[in-house]
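Here's the letter readout for the chains.
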Amino acid sequence: MVGRVNGVATQLKGLSPMIVSCHCVAHRLALAMSDAGKRIPYVKKFNDLLQMLYQYYDASTIRTGGLRTIQESLEDPVLKPKRALTTRWLSHDHACSTVRQIITSVIISLGREAAEKDNPKAIGLLKLASQWKFVATLHMMCDILPKLSELSRFQVHDAFTKAVIYNIEERFPQTDLMDCLKIFDCDIERADATLPQSLRETEEGNYGEAELEVILDHYENGLGLSREEATVEWHSLRANMVQHPGRYGKLPNALNLVSKSEAYPNLSKVAAAALIIPASTAGMSAISSNQRSTLIFKCIIIE
């Protein structure tokens, strides 16, 4: 979809260079997790074992019933192993959490199947699931997976988490255009707020002018902008932003106000174009392949 050589986004940019391609945040995070797992050899074995446990019980109501009986006698949660999807790596969170809660029941169940029925699958699974490495990895996963959103604020030293961080950085590259659009952000309460506190500071520091050049490089031809007029408009707009930051507020609200303003004919087009850039395409995952093949893509032309 977003391949740099021949992806859909690349082909569309050939037709309209000002298009901004956005790789879904949720998908990138899942891919980062998947890539991290490939860097740690045992993680693949661990994932395979989760899948085998799911298949072992899912394929037999008798085995599931036996597991339930053991769980009830031990007063364990009445659960059975869940499926860990390889294409949705973060689904492993539920799979790991479930197995951790019922690991004792599962091992007893496998032991009974192995002893009473001499079941080769049960014997093999029992041997693997009883290893300390599996149990340790299971607990590690249960600690890490629910907290992926907090990885950037914590320094964790195990190899798997370092691999996740590395791949997240690879999947979330900095985008110059997206960063430059932050000059419209008037949320002065943010810790990383860049809006100057005075007009003098704004003019002396040429606030936003370098970023505006990047923005105009991207949108100038596609939107039919006048670079000189846009620069003049920016000087006027940034003065208003510094004097009335509360009116403009956070970036989405600021862009919305500018897009509707007749005082900034060039910047209003930029703001309108920026407002339609999506942060995520997660909703598309619910659309089937057949539905996707029938979608009609329309070009949006901003007059």
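None of these values were measured; they are calculated from a predicted model.

J.: If you had to explain the overall build of the protein chain to someone new, which residues and values would you point to?
T.: Within the protein chain one finds 16 helices and 0 strands. Counting only residues that meet the buried cut, the protein chain has 35% of its 303 residues in that class. Here the contacts in the protein chain between residues at least 6 apart in sequence split such that 66% fall between residues at least 24 apart. Here the protein chain displays about 18,300 Å² of accessible surface, and carbon together with sulfur accounts for 54% of that area.

J.: Break down helix H14 (residues 251–259) for me, citing the residues and quoting the values.
T.: For an α-helix the count is 3.6 residues per turn, leaving residues at separations of three or four pointing the same way. If you check which residues of H14 are buried, you get Ala254, Leu255 and Val258. All buried residues of H14 project into a common sector of 95° when viewed along the axis, lining one side. Where H14 is buried, its residues meet helix H12 (227–243), helix H13 (245–248) and helix H15 (265–275).

J.: Any details on the packing of helix H11 (residues 209–223) against H15? Residues and values, ideally.
T.: As a packed pair, H11 and H15 sit with axes 11 Å apart at the nearest point and diverge in direction by 90°. On the basis of their axis angle, the class for H11 and H15 is roughly perpendicular. Facing Leu212, Ile215, Tyr219 and Leu223 of H11, the residues of H15 in contact are Leu267, Lys269, Val270, Ala273 and Ala274. By residue class, the composition of the contact of H11 with H15 is 8 nonpolar, no polar and 1 charged.

J.: Account for the packing of helix H4 (residues 61–74) against helix H5 (residues 92–117), naming residues and giving values.
T.: Close contact between H4 and H5 brings their axes to 9 Å; oriented N to C, the two are set at 125°. The orientation of H4 relative to H5 falls into the category oblique. The handedness of the crossing between H4 and H5 is right-handed. Facing H4, whose interface residues are Ile62, Arg63, Leu67, Ile70, Gln71 and Leu74, H5 presents Ile102, Thr104, Ser105, Val106, Ile108, Ser109, Arg112, Glu113 and Lys117.

J.: How would you sum up the state of the cysteines? Please name residues and give values.
T.: Evaluated as defined, the whole model comprises 0 disulfides. Looking at the unpaired Cys142, the closest cysteine sulfur is the one in Cys96, lying at 5.3 Å.

J.: Help me get a handle on the nonpolar core, residues and values and all.
T.: In this structure, Phe184, Ile215, Tyr219, Trp234, Leu237, Tyr248 and Leu267 are the most contacted members of the largest nonpolar core, which totals 31 residues. Breaking this core down by element, the ones donating at least two residues are helix H9 (176–180), H11, H12, H14 and H15. The next biggest cluster of nonpolar side chains, apart from the first, holds 26 residues, and it includes Leu49, Tyr57, Val99 and Ile103.

J.: Talk me through a nonpolar patch on the surface; I want residue IDs and the actual numbers.
T.: Judged by side-chain polarity, Val8, Leu12 and Leu15 come together as a nonpolar surface patch covering roughly 290 Å² of accessible area. Along the chain, the position of Val8 falls in helix H1 (residues 8–15). The partly exposed category is assigned to Val8, whose relative accessible area is 39%.

J.: Explain the confidence of the model for the protein chain to me, using residue names and the numbers behind them.
T.: Fine structural detail should not be taken from predicted coordinates in areas where pLDDT scores are low. The pLDDT averaged across the protein chain works out to 80; a share of 75% of its residues lies at or above 70. The model gives residues 291–303 a pLDDT under 50, and that stretch makes 10 contacts with residues more than four places away or in other chains.

J.: Before we move on, could you go through the side chain of Thr137 and cite the residues and values that matter?
T.: Relative to the helices and strands, Thr137 is located in helix H7 (residues 132–144). The exposure class assigned to Thr137 is buried, which follows from its relative accessible area of 10%. Thr137 has contacts with Tyr42 and Phe46, leaving out every residue within four places of it along the chain.

J.: Mind laying out the packing of aromatic side chains, listing which residues take part and the relevant values?
T.: Tallying each qualifying case throughout the model produces 4 aromatic pairs. Ring centres 5.1 Å apart and planes at 90° place the aromatic pair Tyr56 and Tyr57 in the edge-to-face group. Of the two residues examined, Tyr56 and Tyr57, each falls in the buried class. Over the aromatic face of Tyr56 sits the side chain of Arg63, whose NZ or CZ is 4.1 Å from the ring centroid. The ring of Tyr248 is capped by Arg247, whose NZ or CZ atom sits 5.4 Å from the centre of that ring.

J.: Which residues make up the environment of Gln101, and what are the values?
T.: Note that Gln101 resides in helix H5. Residue Gln101 is classed as partly exposed on the basis of its relative accessible area of 41%. The sequence separation of Gln101 and Lys80 amounts to 21 residues, and the corresponding C-alpha distance is 9.9 Å. Not counting residues up to four positions away in its chain, the partners in contact with Gln101 are Asp76, Pro77 and Leu79.

Cut-offs and rules
Residues numbered from 1 in each chain as written. Predicted model: local features only at pLDDT ≥ 70, side-chain atom pairs only at ≥ 80, totals over all residues. Heavy atoms only, no water. Helix = DSSP H or I, 4+ residues; strand = E, 2+ residues; numbered from the N terminus. Buried < 20%, exposed > 50% of the residue type's maximum accessible area, 1.4 Å probe, protein only. Contact = heavy atoms within 4.5 Å. Areas by Shrake-Rupley, 256 points an atom, 1.4 Å probe, with all protein chains shown as cover. Arc of directions from axis to C-beta. Axes fitted to C-alpha atoms, helices over the stretch in contact; angles between N-to-C directions. Parallel < 35°, antiparallel > 145°, perpendicular 65-115°, else oblique. Nonpolar A, V, L, I, M, F, W, Y, C, P; charged D, E, K, R; others polar. Left-handed = near helix turned anticlockwise from the far one by under 90°. Disulfide = S-S within 2.5 Å. Core = buried A, V, L, I, M, F, W, Y, C linked by side-chain atoms within 4.5 Å. Patch = residues over 30% accessible without salt bridge, like charges linked within 9 Å, V, L, I, M, F, W, Y side chains within 5 Å. Salt bridge = Lys/Arg side-chain N within 4 Å of Asp/Glu carboxyl O. pLDDT = per-residue confidence, 0-100. Phe/Tyr/Trp six-rings, centres within 6.5 Å; stacked < 30°, edge-to-face > 60°. Lys NZ or Arg CZ within 6 Å of the ring centre and 35° of its normal.

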